[in-house]
Amino acid sequence: MISSPSRPIFPFPLPLPVLGMAALLAAGSCPSLWSAESTAAAGTGTPAGLDDVVRPFFQQHCNACHGEKKQKADLRTDTLLINARSPKTMGHWEEIMNRINSGDMPPDDEPRPAPAEVAKVAEWIVGQLREAEAQNQASGAERVSFRKLSRREYANSVRDLLGVNFDVKGPSGLPEDPDWHGFERIGPVLTLSPAHVEKHLAAAEAVLDEALSLRPEPKRDVIRWMPFDMRWKGFAKEYEARGIADQVRIEIVPNNYTTDTWPLEVKTTGDYLLRVKLSGLRPEGGRAPRLKVYMSSVDKTLLEQDVDAPENSPITVEARVHLIAGKYPIRLINSVPGPNPEARRSRHSGTANAFTTTKSRVPWQMKLTDDDYKPIQPTLIIDSVEWDGPIVESWPTPAHQRAFFRGSDVPEQDKDIPYAREILARFAEKAWRRPVQPGEIDRFLKPVEKAQQLGEGFESAVRGGLVAILCSKSFLYLEEGNASHGSPRLTDWELASRLSYFLWSSMPDDRLLNQARSGKLHEPEVLRAEVRRMLADPKAAEFSDSFPRQWLLLRKVGMFPPDKVLYPEYDENLEQSMVAETVGFFGEVLKKNDSLRAFLDSDWTMLNERLAAHYGIPGVRGDKVQRVSLKPEDHRGGLLTQGAILSLSSDGTRHRPVHRGVWVLESIIGKPPPPPPANVPALTTPAAGEKKVTVREKLEQHRADPNCTACHNKIDPLGVAFDNYDAIGRWRTVETVRDGTGADPQLDPSGALPDGRAFKNGAELKQLLLSDADKFALAFTEKLATYALRRGMTFSDREELKQISDQAQSSDYKIQSLIEAFVTSPLFQKR
């Protein structure tokens, strides 16, 4: 049974330019928000801009119909305040913003406000709504706050607690986490519904079934598939008669796969070693074939990598995979793009045409190589597949030995409730990441007592109590605060969990808990030492992977797959390589303790062979990303010219300068623009016979509308600067245009920032951004704090965020120095 948090955890809308009504309704049950009423009471005054920006606008355009004498639609604007406690009031503000932004108000028979005025008021309202939303996520006014673990954090926690690699993404795993502005760990967004309760209960039972030795000891075995097992059943005798049975292999040409009708039968859930012995025929100057081992019934990829091995020198590739008991169809795929697999399948054709030596191949197989037996297309040749497991370190398992700490020789009379209490208390302290309070274990003993009354054995009965602990709020949530008395600062135990889930996305280790137990963790020097230790630990790979994916919105890469006709070279491998570059780039900056400036511009990046070929950069081999030096003619460096960033801010047919500009404002500058007006017309298409025009020229026509100018002057230059990169991140100097006549037009990436500073292209814009490194550092610090504190940043946080980024300036914004400054700051250590 799952214990509910002491207060409601309300769902908030996903990426919000404007606070939605669901959030407004939720706000009524949340602590005091940033409003004219609450701030006045706190002595901070009316929100800046209300009296000198909004009130004059209302007086001129709104109060006649919504003032003291008349209140159409139950709305009065002359006395309207910012009060997020009131859903009705905040609903009025949202409605006002939408109406003036779309041009519905004032009515057509009234004087129209200047577009610049509308933009200024709309931007002010959006700022207040965002501020209110962020304050909803802050919990300082509550005695206890609860922030649910993401499913990734859940998987890491049960791994470190029980040694089980639970697959949270599988059919029997946990629901996908929603995100807020890209972040997948924001407290109010990660709610717990009845469906979640069922999933968590099933997950806890599955994890403990695997972790504890309450079943017969599983036998480690090897399931080996040979070619006759996978494709050539019925032809073994024929090949034996021909004397070549030991030479039979399976070929897989591009975009083809072996049949998936032969199942893998997994008898015991656990970790297995998957081994594939094979060759990969790579054409001269071409791509290596790419092996993908795929469980089609559950949509799960077990192994994927390029294979470059001569026909007569096969290699063995290996991966450790977690498999759940059951039967699964398996496909071995050559995922290099190629002809439609329905046209010519790499599957059993009903004739004995196995791939052996060149002398025994059928005619079409002879065409896989030229007359000198050199490969013509990327081809996989499979020799065998092995499934080795389940892998069990010892029996009973280490987790079982830790749980039942008295060993296996405990007399039956000692397997009593006091022993069960001690087992549950020890387990709970580790699972809950804090000391267990007197009386807390009592309710978890009830299922143990009930099970024993029904005749279950001691260990099986205790398992029920352990399941309950894994389903309790103290495991599923990060708890901060005390119901009996409020405190503005975290305890050392709470600080240990916040730090651990920040840098490891998992529970604290013994050393960190011991520092908390000693009461010294909050001391600055101790904290700095722990940060350095934790960043040097292999578990910090979680931070270097998870944070950039969320900060840079990388989950959206591939959301709009490029048109296969326009971009035939774009495939899943290229998409994965793009994301790997960006994640690997962040990891390299972190590992080398480089300056934040590298994110804006650098003379290196992280490439594998597939992405290097896409960029036109020679000399890179292999499937794994590696650090590669760049030349000016490569037109790369920093985040802004990486394929993942350029493609996610495009659509499936063309680049989108506006989307790119918005991404820069949100992710790099930290100042997202207000939402666009309703019913914005699409960019025009040249009429038949007219000359071809660039997207930039179409935007300039669109921007001529006064209603669009104010916002687009801030957005467009930041996107147009990277027009030399197409929708999938390739460099070009002319824009390929389908509509219109004449030659494709030359690109013009020049522009100017709102402050008047001009640039000729993206490279010069990056230099301007570098000159504002302090602004980028502040924006980065805000993203880092959002990730670590699991909430949006508020107005009251801004001064502390600036102090942290200013402190890092002395080290030229080295990333580890910034993280240390953040962790040792009051902002990180307060609730």
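Each remark here, short or long, concerns the structure printed above.
In this report, we go over the structure that sits alongside the text. Note that this is a predicted model, so its numbers are computed, not measured.

Section: the overall build of the chain
Here comes step 1: Per the secondary structure count, the chain includes 31 helices and 16 strands.
Here comes step 2: Per-residue burial for the chain yields a buried fraction of 53% across its 831 residues.
Here comes step 3: Within the chain, counting contacts between residues at least 6 apart in sequence, those at least 24 apart form 74% of the total.
Here comes step 4: Just so you have it, the chain exposes about 36900 Å², and 51% of that area is on carbon and sulfur atoms.

Remarks on the packing of helix H20 (residues 572–591) against helix H30 (residues 815–823)
Here comes step 1: At their nearest, the axes of H20 and H30 sit 7 Å apart, and the two run at 75 degrees to each other. By the angle class used here, H20 and H30 are roughly perpendicular. When H20 is examined against H30, the residues Phe586, Val589, Leu590 and Lys591 are found in contact with a partner set consisting of Ile815, Gln816 and Ile819.
Here comes step 2: Within the contact of H20 with H30, the residues separate by chemical class into 5 nonpolar, 1 polar and 1 charged.

Observations regarding the packing of aromatic side chains
Here comes step 1: Evaluation of the coordinates by the stated rule reveals 30 aromatic pairs.
Here comes step 2: Where Phe146 meets Tyr477, the ring centres are 6.0 Å apart and the plane angle is 90 degrees; that geometry is what we call edge-to-face. Here Phe146, found in strand S1 (residues 144–148), pairs with Tyr477, found in strand S12 (residues 477–481); they are 331 residues apart in sequence, far enough to count as distant.
Here comes step 3: For Tyr477, a relative accessible area of 2% puts it in the buried group.
Here comes step 4: Of note, Arg331 hangs over the ring of Tyr257, and the distance from its end group to the ring centre comes to 4.3 Å.

As for unusual backbone geometry
Here comes step 1: Cis geometry marks the peptide bond from Gly389 to Pro390; its omega dihedral reads 0 degrees.
Here comes step 2: Structurally, Pro390 is set in the loop between strand S11 (379–389) and helix H11 (398–403).
Here comes step 3: Cis rather than trans, the peptide bond between Trp395 and Pro396 has omega equal to 0 degrees.
Here comes step 4: Despite not being glycine, Asn593 has its phi angle at roughly 55 degrees, a positive value.
Here comes step 5: Within the secondary structure, Asn593 sits in the loop between H20 and helix H21 (597–600).
Here comes step 6: Phi at Asp812 takes a positive value of approximately 60 degrees, unusual for a residue other than glycine.

Section: the side chain of Lys292
Here comes step 1: Following the sequence through the fold, Lys292 ends up in strand S7 (residues 290–295).
Here comes step 2: According to the relative accessible area criterion, Lys292 is buried, its value standing at 11%.
Here comes step 3: In this structure the side chain of Lys292 is engaged in a polar contact, spanning 3.2 Å, whose partner is the side chain of Glu572.
Here comes step 4: Beyond its immediate stretch of four places on either side in the chain, Lys292 contacts Thr301, Leu303, Glu304, Arg331, Leu332, Ile333, Ser335 and Glu572.

As for the environment of Thr736
Here comes step 1: Here Thr736 lies in the loop between helix H26 (706–720) and strand S15 (751–752).
Here comes step 2: Residues Thr736 and Thr694, spaced 42 residues apart in sequence, show a C-alpha to C-alpha distance of 8.5 Å.

A word on the side chain of Ser595
Here comes step 1: By the element assignment, Ser595 lies in the loop between H20 and H21.
Here comes step 2: Among residues more than four places away in sequence, those in contact with Ser595 are Val589, Asp812, Tyr813 and Lys814.

Scoring rules and cut-offs
Residues numbered from 1 in each chain as written. Predicted model: local features only at pLDDT ≥ 70, side-chain atom pairs only at ≥ 80, totals over all residues. Heavy atoms only, no water. Helix = DSSP H or I, 4+ residues; strand = E, 2+ residues; numbered from the N terminus. Buried < 20%, exposed > 50% of the residue type's maximum accessible area, 1.4 Å probe, protein only. Contact = heavy atoms within 4.5 Å. Areas by Shrake-Rupley, 256 points an atom, 1.4 Å probe, with all protein chains shown as cover. Axes fitted to C-alpha atoms, helices over the stretch in contact; angles between N-to-C directions. Parallel < 35°, antiparallel > 145°, perpendicular 65-115°, else oblique. Nonpolar A, V, L, I, M, F, W, Y, C, P; charged D, E, K, R; others polar. Phe/Tyr/Trp six-rings, centres within 6.5 Å; stacked < 30°, edge-to-face > 60°. Lys NZ or Arg CZ within 6 Å of the ring centre and 35° of its normal. Polar contact = N/O pair within 3.5 Å; in protein donor to acceptor, adjacent residues only side chain to side chain.

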